[in-house]
Amino acid sequence: MTGLVIRNAEVDGVPGIDVSICDGRITAVGPKLPTTSADMIDADGGALIPGLHDHHLHLHAMAADAASVPCGPPTVRDAAALADALGRAPGDDNGWVRGAGYIETVAGDLDTDAIDRLHAARPVRIQHRSGAMWMLNGAASAAVRLADAAHPGIERAPDGRPTGRVWRADAWLRDRLPPSGPPRLDAVGAALARWGITGVTDAGPDLDPSSRAAIAESAADGSLPQRVHLLGAPPDSDTTSPQGRVTVGPYKIVLADSGLPDLDDLADRIRDVHDRGRAVAVHCVTRESLLLLLAVLDDVGTQAGDRIEHGALIPRETIDGLRQRGLTVVTQPGFLAHRGDDYLRDLEAIDHPDLYRCRSLIEAGVPVALSSDAPYGPADPWAVITAAVNRRAPTGEIIGIDECLTAAEALTRYLTPADDPGGRPRTVRPGAAADLVILHAPLVDVLTAPSADAVRATLFGGTPHRI
Ligand SMILES: [Zn+2]
């Protein structure tokens, strides 16, 4: 493989640095490296930083979301707009309409009859913004034979009829939909590359074999240029021998936002994963689920690499306990910018300081990583960094002013390694993988107004994806 030299970059705040790359790795970093026959990129004084890693997102859901009708704000705000959007949707090859991002402020609780009043002509399924529920209209309910199905997530009226609302049953639902493979990931990969993201952690729980195979294929054939760390690989997956660009991370466990699991059952699950030498990544959104998890971990113990996903509400009195147990928090302040108004309206004022904590965790010594939870939260890391800095709700109100990070601090939380999300940020140094981002300006200038426009090129193993 031929080499590459990036000339006149700013590295770690030092201008005029050259970086040479060979066989996908950085081989030298310094001023005025000797001229070689290698290809050359003039960074023109712009910063060269390691590629960003989004520590929690959902690849296939992002791809599916891109092919969906937006059913919530800011695109759709009331029932008439929702009916209009569904009516105009082209539908997929099987004639189905897929909606996403629904929230009750649009048209209240949706059941089969309510959706049929909006659109009955074609089968419609709408995903709730939380990602935890699907709502089906009459044609869709008939097509998946909802009435004679036995899945516990199927909500039923007192007379036993399904309401059309189906909770946490994605795999079941997929089995009953007209056959179609997992969505292609090239558009998602290209968008992530434009933002400077060279690695992602896919947080989908219990990925089925076809989803895992599709991700591995996309990573292998380059249609998804990012490295992928999987939380949804089965508990017995081997973490020691990463295959190609896809590695296995902690095992994802979801604590439902409504209703809590049995304590013994959760303890058994965590113990089983730990016994296999694997850490856990536990979805914790509510205060109750966090307290329950901490109680269970007192019993079963923690293991290096155990992490809390979201940490949407972290009571101050639990922070010390997080540090003592060595837990990393992988959080998403981007939600404040998207949903802050809902939080301010729906949560007690006493809860507001506990929302998506960042600074108090870091200052207490709790390792913190940033991420998007895309497609449920904003995917652009520069938007998430901005949200971590100003913590403004859409109305402009600041949520938890004591939790604001500087832009530089927020960026480093995207530069930590996939397998150590709260750890030491990666740097541009000889020996490191040449997954790099060239920015249009020195880093201090970029960080005064973080924006994806600052990304000039993203390199994967030394190969520019966009220049
Ligand atoms: Zn998630």
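Keep in mind that this is a model prediction, so the values were computed, not measured. (Residues numbered from 1 in each chain as written. Predicted model: local features only at pLDDT ≥ 70, side-chain atom pairs only at ≥ 80, totals over all residues. Heavy atoms only, no water.)

**Student:** Explanation requested: the overall build of the protein in the structure shown.
**Tutor:** Scanning the protein from terminus to terminus reveals 15 helices and 23 strands. Looking at the protein alone, contacts between residues at least 24 apart form 70% of all its contacts between residues at least 6 apart. In the form shown here, the protein has an accessible surface area of approximately 19,900 Å², with 52% of it arising from carbon and sulfur atoms. Where the 44 positive side-chain charges of the protein centre and where its 63 negative ones centre are 2 Å apart. (Helix = DSSP H or I, 4+ residues; strand = E, 2+ residues; numbered from the N terminus. Contact = heavy atoms within 4.5 Å. Areas by Shrake-Rupley, 256 points an atom, 1.4 Å probe, with all protein chains shown as cover. Lys, Arg positive; Asp, Glu negative; His and termini not counted. Charge placed at Lys NZ, Arg CZ, Asp CG, Glu CD.)

**Student:** Explain helix 6 (residues 186-194) here, please?
**Tutor:** For an α-helix the count is 3.6 residues per turn, leaving residues at separations of three or four pointing the same way. Among the residues of helix 6, those classed as buried are Val188, Gly189, Ala191, Leu192 and Ala193. Against the buried residues of helix 6 lie strand 6 (52-57), helix 1 (59-66), strand 13 (197-202) and strand 22 (455-460). Trailing helix 6 by a residue or two, Gly196 shows a phi angle of about 90°, which is positive. (Buried < 20%, exposed > 50% of the residue type's maximum accessible area, 1.4 Å probe, protein only.)

**Student:** Would you mind going over the sheet that holds strand 2 (residues 14-22) with me for this structure?
**Tutor:** Backbone-to-backbone hydrogen bonds join strands into a sheet, with any given pair of strands oriented parallel or antiparallel. Strand order in the open sheet formed by four strands is 3-2-1-4, with mixed pairing between adjacent strands. The open sheet has two edge strands with one neighbour each: strand 3 (25-31) and strand 4 (39-42). In this sheet, neighbouring strand axes are inclined to one another by 25° on average, regardless of whether the strands run parallel or antiparallel. Where strand 2 and strand 3 come together, six bridges link them in antiparallel fashion. Following the sheet pairing, Ile21 is matched in strand 3 by Ile26. (Pairing = 2+ DSSP bridges. Axes fitted to C-alpha atoms, helices over the stretch in contact; angles between N-to-C directions.)

**Student:** Is there a simple way to explain the coordination of the zinc ion in this structure?
**Tutor:** For the zinc ion, the full set of protein donor atoms is His56 (NE2), His58 (NE2) and Asp373 (OD), at a range of 2.1 Å. Donor residues for the zinc ion, ordered by position in the chain, follow H-x1-H-x314-D. Placement of the pair is His56 in strand 6 and Asp373 in the loop between strand 20 (368-370) and helix 13 (381-390), with a sequence separation of 317 residues. Judged by its relative accessible area of 0%, His56 is buried. (Donors = N, O, S within 2.8 Å, 3.2 Å for Na, K, Ca; no water.)

**Student:** Honestly, the packing of aromatic side chains in this entry has me stumped. Any pointers?
**Tutor:** Geometrically, a pair of aromatic rings is defined through the distance of the ring centres and the angle of the planes. Evaluated as defined, the whole model comprises two aromatic pairs. Aromatic side chains Tyr343 and Tyr356 sit 6.1 Å apart centroid to centroid with 40° between the ring planes, which places their arrangement in the tilted category. Taken as a pair, Tyr343 in helix 11 (residues 334-346) and Tyr356 in the loop between helix 11 and helix 12 (359-363) lie far apart in primary sequence, 13 residues in all. Looking at Tyr356, the relative accessible area reads 4%, which means it is buried. Pairwise contacts between aromatic rings join Phe335, Tyr343 and Tyr356 into one cluster. In this structure, Arg125 packs its charged tip against the face of Trp134, placed 4.7 Å from the ring centre. (Phe/Tyr/Trp six-rings, centres within 6.5 Å; stacked < 30°, edge-to-face > 60°. Lys NZ or Arg CZ within 6 Å of the ring centre and 35° of its normal.)

**Student:** Honestly, the side chain of His283 in this entry has me stumped. Any pointers?
**Tutor:** One can find His283 in strand 17 (residues 280-284). For His283, a relative accessible area of 10% translates into the label buried. Of note is the side chain of His283, whose polar atom sits 3.2 Å from the side chain of His310. Ignoring anything within four residues of it in the chain, the contact list for His283 reads Arg168, Lys252, Ile253, Val254, Leu255, Asp257, Glu309 and His310. (Polar contact = N/O pair within 3.5 Å; in protein donor to acceptor, adjacent residues only side chain to side chain.)

**Student:** Help me understand the packing of helix 8 (residues 263-275) against helix 9 (residues 287-300) in this model?
**Tutor:** Geometry of a packed helix pair, given as the angle between the helix axes and the separation of the axes. Interhelical geometry of helix 8 versus helix 9 gives an angle of 55° and a closest axis separation of 10 Å. One element, helix 8, and the other, helix 9, form an angle in the oblique class. Pair helix 8 / helix 9 crosses with right-handed handedness. Across the interface between the two elements, Leu263, Leu266, Ala267, Ile270 and Arg271 of helix 8 pack against Leu292, Leu293, Val296, Leu297, Asp299 and Val300 of helix 9. Broken down by class, the residue content of the contact of helix 8 with helix 9 amounts to nine nonpolar, no polar and two charged. (Parallel < 35°, antiparallel > 145°, perpendicular 65-115°, else oblique. Left-handed = near helix turned anticlockwise from the far one by under 90°. Nonpolar A, V, L, I, M, F, W, Y, C, P; charged D, E, K, R; others polar.)

**Student:** Even after reading the chapter, I still don't get the pattern of salt bridges, so can you show me in this structure?
**Tutor:** If the charged atoms of two oppositely charged side chains come close together, the side chains can form a pair. This model, assessed by the stated rule, comprises 22 salt bridges. With its nearest N and O atoms 2.8 Å apart, the salt bridge here joins Arg129 to Asp342. Residue Arg129 is located in the loop between strand 9 (124-128) and strand 10 (133-136), and its partner Asp342 is located in helix 11; the two are separated by 213 residues in the primary sequence. In this pair, the class of Arg129 matches that of Asp342, namely buried. (Salt bridge = Lys/Arg side-chain N within 4 Å of Asp/Glu carboxyl O.)

**Student:** Help me understand the environment of Ala281, please; the structure alone is not making it clear to me.
**Tutor:** Considering the arrangement of structural elements, one finds Ala281 in strand 17. Classification of Ala281 by relative accessible area gives buried; the value is 0%. Note: C-alpha distance between Ala281 and Gly101 (180 residues apart in sequence) is 24 Å. Excluding residues within four positions of it along the chain, Ala281 makes contact with Leu231, Pro250, Tyr251, Lys252, Ile253, Arg307 and Glu309.

**Student:** Could you clarify how one ought to interpret unusual backbone geometry in this entry?
**Tutor:** Glycine aside, the phi torsion of most residues is negative, and most peptide linkages are trans. With an omega of 5°, the peptide bond running from Pro73 to Pro74 counts as cis. In this structure, Pro74 sits in the loop between strand 7 (69-70) and helix 2 (79-88). At the junction of Ala374 and Pro375, the peptide bond is cis and its omega measures out at 10° in the coordinates. Position of Pro375 among the secondary structure elements: in the loop between strand 20 and helix 13. One non-glycine residue, Asn8, lies in positive phi territory at about 55°. Mapped onto the elements of the fold, Asn8 is located in strand 1 (residues 4-11). When its relative accessible area of 33% is taken as the criterion, Asn8 is described as partly exposed. In this structure, Lys32 is a non-glycine residue whose phi angle is positive, near 50°.

**Student:** How do you make sense of the domain arrangement of the protein when you look at a structure like this?
**Tutor:** Interface size is commonly expressed as the accessible area that is lost once the parts come together. Taken domain by domain, the protein holds domain 1 (1-51 + 427-467), domain 2 (53-59 + 184-425) and domain 3 (68-176). Taking only C-alpha atoms, the centre of domain 1 and the centre of domain 2 are 28 Å apart. Each partner contributes to the interface: domain 1 provides 21 residues, whereas domain 2 provides 22 residues. Across the domain 1 to domain 2 interface the summed buried area is about 1,600 Å²; carbon plus sulfur atoms make up 70%. There are one salt bridge connecting domain 1 and domain 2. It is strand 22 that provides the largest number of residues to the side of domain 1 that touches domain 2, a total of four residues. Of the residues in the side of domain 1 that touches domain 2, the class split is 14 nonpolar, five polar and two charged. (Domains from an automatic or database assignment. Buried area = accessible area lost by both parts, 1.4 Å probe.)

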